[in-house]
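Given next are the chains, with one letter for each unit.
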Amino acid sequence: MEAEYARIIRKTVAYAESYAAKGFTFVWDDSLEFSWESGAGWMGTPRVKYEGVDGTIEMLKYHIDKIVKIAGGPGTPGYSAYYKVMQVTVDGDIAFVVLYG
């Protein structure tokens, strides 16, 4: 499963980076940390147990799209967002999250 979890992160990061061609830049920020009271924003925590690997990837892509909309959308000159995609545990289940700041 570790290879599948790495694939989830890899595919989500590639999707976020694809926004550069549309004029929106995602900048990876290792300092972002997940917590329920996090100072960083976060989107969803799809769980592999319920969504499956491909469903988790699709939900994370949806969250990337939402971050772009919140930040002003593609084509906003020079616009960017700091982000990080990571694996977390929610109620004992493996989940993934997109952090942004």
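So, here is what we can say about the structure in this document. (Residues numbered from 1 in each chain as written. Predicted model: local features only at pLDDT ≥ 70, side-chain atom pairs only at ≥ 80, totals over all residues. Heavy atoms only, no water.)

Digging into the environment of Lys22
Here is step 1 of the chain: Within the fold, Lys22 resides in the loop between α1 (2-18) and β1 (24-28).
Here is step 2 of the chain: Each C-alpha atom, one on Lys22 and one on Thr56, is 24 Å from the other, the two residues being 34 residues apart in sequence. (Helix = DSSP H or I, 4+ residues; strand = E, 2+ residues; numbered from the N terminus.)

Side note on the packing of α1 against helix α2 (residues 48-71)
Here is step 1 of the chain: It is at 9 Å that the axes of α1 and α2 come closest, and there the two elements cross at 15°. Here α2 runs roughly parallel to α1, going by the angle between their axes. Here the hand of the crossing between α1 and α2 comes out right-handed. Taking contact as the criterion, the partners of Glu4, Tyr5, Arg7, Ile8, Lys11, Thr12, Tyr15 and Ala16 in α1 are, on α2, Val48, Val53, Asp54, Thr56, Ile57, Leu60, Lys61, Ile64 and Asp65.
Here is step 2 of the chain: Residue composition of the contact of α1 with α2, grouped by class: nine nonpolar, two polar and six charged. (Axes fitted to C-alpha atoms, helices over the stretch in contact; angles between N-to-C directions. Parallel < 35°, antiparallel > 145°, perpendicular 65-115°, else oblique. Left-handed = near helix turned anticlockwise from the far one by under 90°. Contact = heavy atoms within 4.5 Å. Nonpolar A, V, L, I, M, F, W, Y, C, P; charged D, E, K, R; others polar.)

Looking at the environment of Glu4
Here is step 1 of the chain: Relative to the assigned elements, Glu4 resides in helix α1.
Here is step 2 of the chain: In this structure the C-alpha to C-alpha distance between Glu4 and Tyr83, which are 79 residues apart in sequence, comes to 21 Å.

Considering unusual backbone geometry
Here is step 1 of the chain: Residues other than glycine seldom take positive phi values, yet Asp91 does so here, at roughly 50°.
Here is step 2 of the chain: As for its placement among the helices and strands, Asp91 is situated in the loop between β3 (79-90) and β4 (93-100).
Here is step 3 of the chain: Given a relative accessible area of 70%, Asp91 falls into the exposed group. (Buried < 20%, exposed > 50% of the residue type's maximum accessible area, 1.4 Å probe, protein only.)

Some remarks on α2
Here is step 1 of the chain: Its 24 residues give α2 an end-to-end C-alpha distance of only 28 Å, which falls more than 12% under 34 Å, the value for a rise of 1.5 Å per residue.
Here is step 2 of the chain: Along its length, α2 shows its largest kink, about 80°, at Asp54.
Here is step 3 of the chain: Turning to α2, its buried residues are Val48, Val53, Thr56, Ile57, Leu60, His63, Ile64, Ile67, Val68 and Ala71.
Here is step 4 of the chain: Looking at the buried residues of α2, the elements they touch are α1, β1, β2 (41-43), β3 and β4.
Here is step 5 of the chain: Positive phi appears at Gly72, one or two residues downstream of α2, with a value of about 125°. (Expected span 1.5 Å × (residues − 1). Bend = angle between axes of the 7 residues up to and from the residue.)

The analysis is restricted to geometry; functional conclusions fall outside its scope.
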